[in-house]
Amino acid sequence: MTAGADASQRTPTWKKVIRDPQAAITIGLLAAIFLIGALTPLIAPHGPNDADLSMVNAPVGTSGYLLGGDESGRDIFSRLLHSINTAAISALIGTTVALIVGVTGGLVGGYFNRATQSITEWTFALLMTLPGVLLLIILMPVTGGDYRATMFVFGFLLAPGIYRIVRNLVLGVKNELYVDAARVSGLGNVRILGRHVLSIVRGPIIIAAAFMAGSAIAVQSGLAFLGVGSTEIPSFGAMISSGFRNLYVAPAQFLWPSLLLGVITASLVLLGNALRDTLEGSKPKAKKVGAGQRVVADVERDGPTDPDALLVIRDLGIAYPGVDGAPNEVVRGVNLSLAPGDVLGLVGESGSGKTQTAFSTLGVLPSEAVITGGSIRFDGRELLGLDDTSMAALRGSAIAYIPQEPMSNLDPSFRVGSQLVEGLRAATSMPRKDAKARVIALLDRCGIVDPQRTFDAYPHEISGGMAQRVLIAGAVASRPKLLIADEPTTALDVTVQAEILDLLRDLQHELGMAVLLVTHNFGVVADICDRIAVMKEGEIVENGAAEEIFGAPRHEYTRMLLGSILDEDAVRTDPPAAVKGVAS
Ligand SMILES: Nc1ncnc2c1ncn2[C@@H]1O[C@H](COP(=O)(O)OP(=O)(O)OP(=O)(O)O)[C@@H](O)[C@H]1O
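Treat the numbers as computed from the prediction; the structure is a model and nothing was measured. (Residues numbered from 1 in each chain as written. Predicted model: local features only at pLDDT ≥ 70, side-chain atom pairs only at ≥ 80, totals over all residues. Heavy atoms only, no water.)

Observations concerning the UniProt feature "transmembrane region" (unreviewed entry) in the protein
The line we're drawing: UniProt positions are given in the numbering used here, feature names are shortened, and annotations may be inferred rather than shown by experiment. Runs of E in the DSSP output that reach at least two residues are strands. Runs of H or I that reach at least four are helices, and both are numbered from the N terminus.
Summarizing the sequence annotation, UniProt attributes the feature "transmembrane region" (unreviewed entry) to residues 23-44, 87-112, 124-143, 149-166, 205-226 and 254-275 in the numbering used throughout. Between the end C-alpha atoms of residues 87-112 there is a gap of 37 Å, over a span that is 96% helix and 0% strand. Here residues 149-166 runs as 100% helix and 0% strand, with 26 Å between its end C-alpha atoms.

What follows is the structure, encoded as structure tokens:
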């Protein structure tokens, strides 16, 4: 792992938030304002409703009336301080109620069965149809004009927004395997919701809370401006309304509460945006290149090249956004080189980054993957940053691929032959008749007993071993320079595995193609590879000729993997080629 990625993984969320200048400034401003609000009893010279008729419309700077007096002779400065607290309490009540109602509804509606979901959907849809601010005004006789009761009701009106966010997130994660695993391991629904599901929705909830706090303050001020509710309560809205009436007499009366209200609501909205960037990882902006592959770092197109190598991977890094949005590097500083006609085994335990390395070469990483740096040069051409069309032209012609699960790579709706012919024609523009002849000849060459029958069969009519032979035939049909085989024998039984490896080895000799063989099995590597690269936790830990690595493995991890050959079913009954080479 690079130092940068390491650091970003360990950094706690709150540290990442305050490192964002927008978040730091808005949090600082809001903290200062609300702290001053909390200190009101100590610093306010007058009560919020203390009126002195001699101070009516007193100018700014009048002794004891720092910001002057309002139309009733009340101290504007003191009223501003009290209004900060009214705003804070409004935000607190509105947001808390919305979160409790919305999050609970979303968790329940998303997680439990269809009937529960219908009830929650119906309830929140009903809440959404209620006429917002108008309802708050209509309910004044019920709330008694108390802004706290009004904000309590407003919380319910805000809840559907939270409900939708949470419900959608929960629907997305509830069928994940780790949630199933938690269920199977006996965890109750409440524990699963609390531990596995709530952690996913935490980020979006925090972001929404910032926006909701802003809208609660804005609505409370709006109602007070309209004169709805108790006139005893100091609030920005009431002060703006009073200042508005006096606009031509004392314009500053209008300015102070408007300014403070603007700073508070704008800070909350900007804070929400900054939280979204940090928690949902909308930074850094990645450039979308290649077949869905995104590169954030400049690739080294002008770096030194090895003229004898067909494929040179240098310092490759691949990352995925983690749960907290920070990039999590799954491949780091990978260097590989493959000469024409060479067979390189990429070995390592599950999750070590083999497939990601192979997929980046094929240009088929998932769209959420980001290439953080490095270079992949094939036949003298840089692949990172190639556009979709150029990459698609290379795939299936100069670079071919054999997958782990042969059956899932054949479309059940089409006959085997038509799929192979289509692929070959896309890569070579060969006439249909010639393509068909080549495919049948290749099916024969790949050990299929009745090639015409297999050509006409649907995928479900052939066995797994045959399907893998079909895919190998399809992969080599365009005579690629490089064949990438990702665990090509793992899904097959042991006898078929050996036959497929024999076939791959023979085809590799006949066609002189280079092969990048991805596997976790050293037995397979020993059978076919000239060179070996061992991957562990996203990095290459050992790389060299097969004889050297089998004869004198340097890395402890390689020794451990080699030891495990003895524990696995032998792929072949005769000793592996590389081992024989060492022994003799
Ligand atoms: N779409 C994805 N989102 C996030 N992480 C991913 C994604 N795909 C793969 N990874 C992570 O990348 C790491 C490397 O995966 P990779 O598939 O390359 O492993 P592998 O060595 O090929 O293992 P296996 O043989 O099990 O496929 C793993 O930790 C995996 O969790």
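Regarding the site of the ligand
Keep this limit in mind: Summary of the distance rule: residues count as near a molecule or strand when at least one heavy atom falls within 4 Å of that molecule or strand. Nitrogen and oxygen atoms within 3.5 Å of one another constitute a polar contact, given that in protein one can donate a hydrogen and the other can accept it, and given that sequence-neighbouring residues count only through two side-chain atoms. A 1.4 Å probe and the Shrake-Rupley method give the accessible areas. Residues count as covered only by the protein chains that appear here.
Taken together, Y320, V330, E349, S350, G351, S352, G353, K354, T355, Q356, E368 and E487 make up all the residues around the ligand. Contact distances for the ligand include 2.4 Å between an oxygen atom and a side-chain N or O atom of S350. Between the ligand and E368, the relevant distance is 3.1 Å, taken from a nitrogen atom to a side-chain nitrogen or oxygen of the residue. Coverage of the ligand by the protein amounts to 63% of the 630 Å² it exposes when considered alone.

Digging into helix α17 (residues 432-445)
To be explicit about the condition: What a helix is expected to span follows from its residue count: subtract one and scale by 1.5 Å. With a 1.4 Å probe rolled over the protein chains alone, any residue whose accessible area is under 20% of its type maximum counts as buried; one over 50% counts as exposed, and the rest are partly exposed. The reported arc concerns the directions from the helix axis to the C-beta atoms and nothing else. By the convention used here, residues are in contact when the closest approach between their heavy atoms is within 4.5 Å.
Taking 1.5 Å as the rise per residue, α17 with 14 residues should run 20 Å; its terminal C-alpha atoms sit 20 Å apart, in good agreement. Of all the positions in α17, only A435, V439, I440, L442 and L443 are classed as buried. The buried residues of α17 all sit within an arc of 165° when viewed along its axis, so they share a single face. Tucked inside the fold, the buried residues of α17 contact α16 (416-428), α18 (451-456) and α19 (464-476). Looking one or two residues beyond α17, the residue adopting positive phi is G447, at roughly 85°.

Focus on the packing of aromatic side chains
How we decide: Between the rings of Phe, Tyr and Trp (Trp by its six-membered ring), a pair exists once the centres lie within 6.5 Å; its type follows the angle of the planes, with under 30 degrees stacked, over 60 edge-to-face, and the other angles tilted. Any Lys NZ or Arg CZ found within 6 Å of a ring centre and within 35 degrees of that ring's normal is scored as a charge over the ring.
The final tally for this structure, using the stated rule, is 7 aromatic pairs. Geometrically, the ring pair formed by Y111 and F112 is edge-to-face, given 5.2 Å between the ring centres and 90° between the ring planes. With a centroid separation of 5.4 Å and 80° between ring planes, the pair formed by F522 and F550 is classed as edge-to-face. Pair noted here: F522 is in helix α21 (residues 522-528) and F550 is in helix α22 (residues 546-551), with a separation of 28 residues, a long-range link. Here F522 matches F550 in class, with each residue buried. Through pairs of rings, three or more aromatic residues link up here, namely F225, F244 and F254. Here K536 stacks its cationic end above the ring of Y557, 5.5 Å away from the centre of that ring.

Points about unusual backbone geometry
A positive phi angle, near 55°, is found at N57, a position not held by glycine. Secondary-structure assignment places N57 in the loop between α4 (40-43) and α5 (76-111). For N57, a relative accessible area of 24% puts it in the partly exposed group. Here the phi dihedral of D315 falls at roughly 50°; this positive angle occurs in a residue that is not glycine. Note on placement: D315 falls in strand β3 (residues 311-321). For D315, a relative accessible area of 44% gives the class partly exposed.

Concerning the side chain of E487
Our working definition: Counted as positive: Lys and Arg. Counted as negative: Asp and Glu. His and the chain ends are not counted at all. Counted as salt bridges are all cases of a side-chain nitrogen of Lys or Arg within 4 Å of a carboxyl oxygen of Asp or Glu.
Counting through the fold element by element, E487 comes out in the loop between β9 (482-486) and α20 (494-511). Put simply, E487 is tucked away with no salt bridge, and the nearest opposite charge, on K354, sits 4.3 Å away. Side chain to side chain, E487 and H520 meet in a polar contact 3.1 Å long. Sequence-distant contacts of E487, defined by excluding residues within four places in its chain, comprise K354, P403, Q404, V518, T519 and H520.

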